[in-house]
Amino acid sequence: MAVVKATINLQALKHNLSQVKKRAPQCKVMSVIKANAYGHGVLPVAKALSESDAYAVARFDEALFLRQQEVQKKIVILGGVYSREDFLVCIDQHFEPVLHTLEQIQCLFDTLQWLGSKGEQKSFDYWLKVDTGMHRLGLSADELNGLSHQYQTLTARFSPSGFMSHFACADEIDNKLNQVQNLKFLQQYESFSKVNNSDKLSLSMANSAAILSLPDAHYDWLRPGIMLYGVSPFAGRTGKDENLLPVMTLSSQLIAIKQLKQGDCIGYGASWCCPKAMTIGVIAIGYGDGYPRHAKAGTPVLIQGAEVPLVGRVSMDMITVDLSPLQAQEKTAQVGDNAILWGDGLPIEYVSHQADTIAYELLCQITPRVSFEYK
Ligand SMILES: Cc1ncc(COP(=O)(O)O)c(C=O)c1O
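None of these values were measured; they are calculated from a predicted model.

**Focus: the environment of Ser324**
Stage number 1. With respect to the secondary-structure elements, Ser324 resides in helix H10 (residues 324-328).
Stage number 2. The class of Ser324 is partly exposed, set by a relative accessible area of 23%.

Structure, rendered in structure tokens:
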């Protein structure tokens, strides 16, 4: 039996998708399953999320993999594509790339014209991304303006089918940039559609945080990622606070128990020393499995339903925990006991907070040594 296991609860995934829909029943949903579905395994996740209207991935290769595996649904490529060769595959496979630079748009026009010159008049669905204040991807207002006039002279087959942008701070509910970005989005859309008579464009702005806290930004298409996996996008909250269920439970086993004396120091660097005589448990998990090396002393681990704190440094294959909370509950730990690192009964947000990171990173960095089980 595999020692370190990521158990993926597909029913929880479906429940979380239903929570997305409950927040905005009028909207369509593109479920974000990039980066191997945030580390959960993209194929079983895609299957479990079949009630989505589309899937969204970051890269062309991710879209291609899904199609090669017979996933038939609409696939949006959030990072777009850059070459004629890839545009041709997009047209053929009905991928919808998001174009965010003038170079990408020019390459698409060249490709469609090249096809036209061979007598193949293909139309094609794609998204335009505008920069409303995140300053990462997206056309600036000036670039969009210039482009609007170019579109006027082109036929409908060149027009985008969707218009999107991305929030920089939606996870901070009161951040003023949220309203600024939302307003800019509407202004840019209005000026673009006025010039192009394209009031049928689909609009999309909302990631998980905006789905949960910015109903004005729901528009036509939602783009949930982290909330599908049962995690709250907001600092200081957990998935449970948003009515979400954890999808991944990472677990391992207790492989040794040691009685240490006051002053005995534990692990590499001998950096943590027992303040009194203590029972210490050794669990088979480490940064070689994706458990964060920077998790601080005190990070909770669940054994027999009790939270026991991490002590000493995280090493490649092991961590050490103080078992005294179990003794306080008159429970006795035994070698072979199951240990939950996050998931059922232990929100991943507690662990990411203790490791000075975000749950997104913990989920994505599980290594191939961990075996996955789907239920
Ligand atoms: C463009 C875009 N939309 C939506 C998402 C989903 O975001 P979240 O996981 O915060 O819901 C992402 C994720 O990074 C993204 O890049």
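**As for the site of the ligand**
Stage number 1. Not every one of the 14 residues close to the ligand is listed here, only the nearest: Lys34, Tyr38, Ser208, Ile226 and Tyr360.
Stage number 2. Take Ser208: an N or O atom from its side chain is 2.5 Å from an oxygen atom of the ligand.
Stage number 3. A distance of 2.9 Å separates an oxygen atom of the ligand from a polar backbone atom of Gly225.
Stage number 4. Summarising the interface, the protein chains cover 90% of the accessible area of the ligand, which totals 390 Å² for the free molecule.

**Considering the pattern of salt bridges**
Stage number 1. Using the criterion set out here, one finds 9 salt bridges in the structure.
Stage number 2. A salt bridge links Glu120 to Lys118, with the shortest nitrogen-to-oxygen separation between them at 3.8 Å.
Stage number 3. A salt bridge links Asp264 to Lys261, with the shortest nitrogen-to-oxygen separation between them at 3.9 Å.
Stage number 4. Residue classification places Lys261 among the exposed residues on the basis of a relative accessible area of 56%.
Stage number 5. The structure contains a network of salt bridges with shared partners spanning Lys118, Glu120 and Lys122.

**Some words on the packing of helix H7 (residues 141-152) against helix H8 (residues 176-196)**
Stage number 1. At a closest axis distance of 9 Å, the pairing of H7 and H8 adopts a crossing angle of 15°. Taken together, the axes of H7 and H8 lie roughly parallel to each other. Like other packed secondary-structure pairs, H7 and H8 cross with a definite hand, here right-handed. Contacts from Ala141, Leu144, Ser148, His149, Tyr151 and Gln152 of H7 reach H8 at Gln188, Phe192, Val195 and Asn196.
Stage number 2. Across the contact of H7 with H8, the residue classes tally to 5 nonpolar, 5 polar and no charged.

**Considering the sheet that holds strand E9 (residues 221-222)**
Stage number 1. Here we have 8 strands rolled up into a closed barrel, ordered E2-E3-E4-E5-E6-E7-E8-E9, and parallel in their pairing.
Stage number 2. Along the sheet, helix H5 (residues 84-93) contacts strand E4 (75-77) and strand E5 (95-99); its crossing angle with E5, the most-contacted strand, is approximately 135°.

**As for the state of the cysteines**
Stage number 1. For the coordinates displayed, the defined rule picks out 1 disulfide.
Stage number 2. Disulfide partner of Cys265: Cys273, at an S-S distance of 1.9 Å. For the disulfide bridge between Cys265 and Cys273, the dihedral angle about the S-S bond is near 100°, and by the sign convention the bridge is right-handed.
Stage number 3. For Cys273, a relative accessible area of 34% gives the class partly exposed.

**Describing the domain arrangement of the protein**
Stage number 1. Assigned domains of the protein: these are domain 1 (10-233) and domain 2 (248-374).
Stage number 2. Between domain 1 and domain 2, the C-alpha centre-to-centre distance is 39 Å.
Stage number 3. In this assembly, 13 residues from domain 1 lie in contact with 9 residues from domain 2.
Stage number 4. Of the roughly 910 Å² buried where domain 1 meets domain 2, counting both sides, 71% is carbon and sulfur surface.
Stage number 5. The largest per-residue losses of area from domain 1 upon contact with domain 2 belong to Tyr38, His40 and Val231, which jointly make up 46% of the total buried on that side.
Stage number 6. At the boundary of domain 1 with domain 2, the tally comes to 0 salt bridges.
Stage number 7. At the surface where domain 1 touches domain 2, the tally comes to 2 residue pairs in polar contact (both at pLDDT 80 or more).
Stage number 8. Top element by residues in the side of domain 1 that touches domain 2 is helix H2 (residues 34-39). It accounts for 3 residues.

Rules and cut-offs
Residues numbered from 1 in each chain as written. Predicted model: local features only at pLDDT ≥ 70, side-chain atom pairs only at ≥ 80, totals over all residues. Heavy atoms only, no water. Helix = DSSP H or I, 4+ residues; strand = E, 2+ residues; numbered from the N terminus. Buried < 20%, exposed > 50% of the residue type's maximum accessible area, 1.4 Å probe, protein only. Near = heavy atom within 4 Å. Polar contact = N/O pair within 3.5 Å; in protein donor to acceptor, adjacent residues only side chain to side chain. Areas by Shrake-Rupley, 256 points an atom, 1.4 Å probe, with all protein chains shown as cover. Salt bridge = Lys/Arg side-chain N within 4 Å of Asp/Glu carboxyl O. Axes fitted to C-alpha atoms, helices over the stretch in contact; angles between N-to-C directions. Parallel < 35°, antiparallel > 145°, perpendicular 65-115°, else oblique. Left-handed = near helix turned anticlockwise from the far one by under 90°. Contact = heavy atoms within 4.5 Å. Nonpolar A, V, L, I, M, F, W, Y, C, P; charged D, E, K, R; others polar. Pairing = 2+ DSSP bridges. Disulfide = S-S within 2.5 Å. Domains from an automatic or database assignment. Buried area = accessible area lost by both parts, 1.4 Å probe.

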